[in-house]
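The primary structure of each chain is shown beneath.
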Amino acid sequence: MRKFEVVSPFEPSGDQGQAIDRLSEGFLRGDKFQTLKGVTGSGKTFTMAKIIERVQRPTLIISHNKTLSAQLYREFKSFFPNNAVEYFVSYYDYYQPEAYVAARDLYIEKDCSINKEIDNLRLSATYSLMERRDVIVVATVSCIYGLGMPDLYKEMRIHVETGQTLDVKKFAEQLISLQYTRNDDVLDRGNFRIKGDVIEVYPPYMETDEAYRIELDWDEVARIRRFDVLNRSVTGEIDETVFYPAKHFVVPRDRLIESTKKIEKEMEDRVEELRAAGKMLEAERLKTRTTYDIEMLREMGTCPGIENYSGPISGRNRGDPPATLLHYFPDDFLCMIDEAHVSVPQIGAMYEGDRSRKQNLIDFGFRLPSAFDNRPLKKEEFDKKMNQIIYVTATPRPEEVKQSTQVVEQIIRPTGLLDPIVEVRPSEGQMEDIYREVKERIEKNERSLILTLTKKMAEDLTEYLTELNLKVKYIHSEIDTFERVEILKDLREGKIDILIGINLLREGIDLPEVSFIALLDADKIGFLRSETSLIQIIGRAARNAEGKVVMYADHMSPAMEAAIKETKHRREVQEAYNKEHGITPQTVKKAIADILVHDKEEAAETVGIDVEVIKNKANLFNPSERKKVIKALTEQMSEYAERMEYEQAAAVRDQIRDIQAQYGE
């Protein structure tokens, strides 16, 4: 069995070594929950990689959004070039779930656009988990949604070896039952073709552009070769191979037909129940829709919204949890939840949101009650399925801390940078005080951030400081997406010295030029001034050796006390380490242009897969298809912008401009 091996020119530094040792030992002795409490810039991802190398277990890494998952996937691919690093996120480019709005008597049909490339990456993840143990899967919370049953997925695979007798017609039928498509002209992923005594199969889960060529001598398999689909060159010869399904949802036909009887029985019972309650319209609606679906399943093997019948088809009892990606992992796997303070609550919220939408559909006769069983896992089901978890976050919630047998701190930055100094000053006279502070930073060619509670306050403060001849701009949700990107660029380049906003946590990944943060109304109770938010805001100034945060408040809130105490503790540990090792903290001295180019390249790489797939779906010389592509890219760009991922949005914008320049508006 191939072992996990980190390939990196770096060795653990600072307190990474002790974090790796303690968390690895905790996992190996069987600790169910542990927490890695690592500050921003301390190298948490490298620590995670070294833990995986130490414990040698299949690993699931869960993140709370696609962009962060893509970044983690790229990093782990570079750390583990000789192991299977897979990517499992939602395969929808666009998704409008089925819903019914009772107040308006409005039925909304399901509408979606599936990203084929991401679907193939999902298949690659489950294929790797079936075939090997040196597997790391980077996933979003989509991993807790229903997937095909792993036992059936494995049971339906086709084994082929040299010397065996192969009935070509039967083999073709088997491939079709696994959702492969026969195409004798074009060999694409998920297709197969037969030409004389040669069968070529292109599984969708292959990481590279490789397919299999089976050569027959009459009815006997004479040779099995792997070849490159693009240039047709042979890349290897093997004695045997296995073909897994081309889709996660595959069911033998006899089992599918048997399940329609259960669906029909449930429909009859539910129709009677609705009629008894005087809901004649709902009863007729349900009978008509379900009867149509049953006929489609019997004749075609599928129907629109087949996932709503996943419970009866899979043979699960009502209320039983669905099979998910977690069920493809062996029992001894490791789970790491990145940004756990956001990801864990998201996992817990998925079930209730899904159920509330389905309730209306069932109550008003659009779906059978078994539609409830097509759902994400409940939080308790998720916890039960987990083997051992390491929460990774800079600001763990009390829930994670309480669960964990140990909370391991990683607060030493390889750069030697300290957490900033934090001061609390009265709100009276705050404008004069802020003016003095920002003027000092301007003289040093440094930048400042000011955080307000409302848009109006941000606009008014910007106008006030502009009248004082300061170069200042504000950012909030009403500012055009790409104007925000330009504002950040101007801040880094020094065209503006002060940026004002409500929540600037996600406005820029790296702002080493910022040495001063003013936090207005710091004592107000709410999400924007919670302990977690305050700690993250303070961390924004930790990229600069002169970092300083001033909280303007009339009294000390519990959140302020906790955030200041935590920052003081971190700073003391960091100072002691630097003194012991003779380290002098220095701000990252890197050209602004280099930082911008790096961010742009990283963003382009992050969105590259999705964008290329959308472009490749259409003939860009056709004006109507080009219009659809631009519309799809514009929607994707807006999604990034809504999540405040402006570098990614800018990368998609550049793709749109390239298409328009090359092919026309």
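Residues numbered from 1 in each chain as written. Predicted model: local features only at pLDDT ≥ 70, side-chain atom pairs only at ≥ 80, totals over all residues. Heavy atoms only, no water.

Caption draft 1: Quick look at a negative patch on the surface. Among the surface-exposed residues, Asp 167, Glu 173, Asp 197, Asp 217, Asp 219 and Glu 220 lie close enough to one another that they form a single negatively charged patch. You can see Asp 197 is positioned in the loop between β11 (191–195) and β12 (198–202). Residue classification places Asp 197 among the partly exposed positions, given a relative accessible area of 44%. (Patch = residues over 30% accessible without salt bridge, like charges linked within 9 Å, V, L, I, M, F, W, Y side chains within 5 Å. Areas by Shrake-Rupley, 256 points an atom, 1.4 Å probe, with all protein chains shown as cover. Salt bridge = Lys/Arg side-chain N within 4 Å of Asp/Glu carboxyl O. Lys, Arg positive; Asp, Glu negative; His and termini not counted. Charge placed at Lys NZ, Arg CZ, Asp CG, Glu CD. Helix = DSSP H or I, 4+ residues; strand = E, 2+ residues; numbered from the N terminus. Buried < 20%, exposed > 50% of the residue type's maximum accessible area, 1.4 Å probe, protein only.)

Caption draft 2: View of the packing of aromatic side chains. Applying the stated criterion across every chain yields a total of 17 aromatic pairs. Ring geometry for Phe 4 versus Phe 80: centroids 5.8 Å apart, planes at 80°, classification edge-to-face. Here Phe 4, found in the segment before α1 (16–28), pairs with Phe 80, found in the loop between α3 (66–79) and β3 (84–88); they are 76 residues apart in sequence, far enough to count as distant. Overall, Phe 4 belongs to the buried group, its relative accessible area being 4%. (Phe/Tyr/Trp six-rings, centres within 6.5 Å; stacked < 30°, edge-to-face > 60°.)

Caption draft 3: View of the packing of α1 against helix α2 (residues 44–55). Running from N to C, α1 and α2 point in directions that differ by 40°, and their axes come no closer than 9 Å. As judged from the angle between their axes, α1 and α2 are oblique. Here α1 runs over α2; the crossing is right-handed. Contacts between α1 and α2 pair Gln 16, Ala 19, Ile 20, Asp 21, Leu 23, Ser 24, Phe 27 and Leu 28 from the former with Phe 46, Thr 47, Lys 50, Ile 51, Arg 54 and Val 55 from the latter. Residue composition of the contact of α1 with α2, grouped by class: 8 nonpolar, 3 polar and 3 charged. (Axes fitted to C-alpha atoms, helices over the stretch in contact; angles between N-to-C directions. Parallel < 35°, antiparallel > 145°, perpendicular 65-115°, else oblique. Left-handed = near helix turned anticlockwise from the far one by under 90°. Contact = heavy atoms within 4.5 Å. Nonpolar A, V, L, I, M, F, W, Y, C, P; charged D, E, K, R; others polar.)

Caption draft 4: Structural detail: α2. Along its 12 residues, α2 runs 17 Å from first to last C-alpha, staying within 8% of the 16 Å computed at 1.5 Å per residue. Across the 12 residues that make up α2, a large majority, 10, are buried. Taken together, the buried positions of α2 are occupied by Lys 44, Thr 45, Phe 46, Thr 47, Met 48, Ala 49, Lys 50, Ile 51, Ile 52 and Val 55. Downstream of α2 by a residue or two, Gln 56 has a phi angle that is positive, lying close to 55°. (Expected span 1.5 Å × (residues − 1).)

Caption draft 5: Examining the sheet that holds strand β2 (residues 59–62) more closely. Taken in spatial order, the 7 strands line up as β3-β8-β2-β17-β18-β1-β19 in an open sheet, and their pairing is parallel. Each having just a single partner strand, β3 and β19 (407–410) make up the two edges of the open sheet. Neighbour-to-neighbour, the strand axes of the sheet open up by a mean angle of 20°, direction not taken into account. Relative to strand β8 (residues 135–139), β3 runs parallel, the two sharing 5 bridges. By the bridge assignment for β8, Glu 86 is matched with Val 137. Against the sheet, α2 makes contact with β1 (33–38), β2, β8, β17 (334–338), β18 (388–393) and β19, and its axis sits at roughly 175° relative to β17, the strand it touches most. (Pairing = 2+ DSSP bridges.)

Caption draft 6: Representation of the pattern of salt bridges in the model. Tallying each qualifying case throughout the model produces 55 salt bridges. Note that Glu 273 and Arg 270 form a salt bridge whose closest N and O atoms lie 3.0 Å from each other. Of this pair, Glu 273 and Arg 270 both sit in helix α7 (residues 253–276), 3 residues apart, which is roughly one turn of the helix. When the shortest N-O distance is used, the salt bridge between Glu 566 and Arg 570 registers 2.9 Å. Of this pair, Glu 566 and Arg 570 both sit in helix α17 (residues 558–581), 4 residues apart, which is roughly one turn of the helix. Take Glu 566 and Arg 570: they sit in the same class, and that class is buried.

Caption draft 7: Broad picture of the sheet that holds strand β14 (residues 220–228). Taken in spatial order, the 6 strands of this open sheet run β10-β11-β12-β13-β14-β15, and their pairing is mixed. A single partner strand is all that each edge strand has here, and the edge strands are β10 (181–182) and β15 (234–238). Bridge analysis of β11 against β12 gives 5 bridges, and the strand direction is antiparallel. Within β12, the residue paired with Ile 194 across the bridge is Ile 199. The sheet strands contacting helix α6 (residues 168–177) are β11, β12 and β13 (210–217), and the helix crosses β11 at an angle near 170°.

Caption draft 8: Up close: the confidence of the model for the chain. Of all residues in the chain, 92% have pLDDT values of 70 or greater, and the mean over the chain is 87. Highest mean pLDDT in the chain belongs to β2 (97); lowest belongs to helix α18 (residues 592–616) (50). (pLDDT = per-residue confidence, 0-100.)

Caption draft 9: Here's a closer look at the nonpolar core. Of all hydrophobic cores here, the largest spans 60 residues; its most connected members are Leu 60, Val 137, Phe 171, Phe 243 and Leu 325. No other element matches the 5 residues that helix α4 (residues 116–131) contributes to this core. With residues up to four places along the chain from it excluded, the contact list for Phe 171 reads Ile 158, Val 160, Leu 166, Ile 199, Val 201, Ile 214 and Phe 243. Ranked by size, the runner-up nonpolar core spans 35 residues in total, among them Ile 51, Ala 70, Phe 80 and Leu 121. (Core = buried A, V, L, I, M, F, W, Y, C linked by side-chain atoms within 4.5 Å.)

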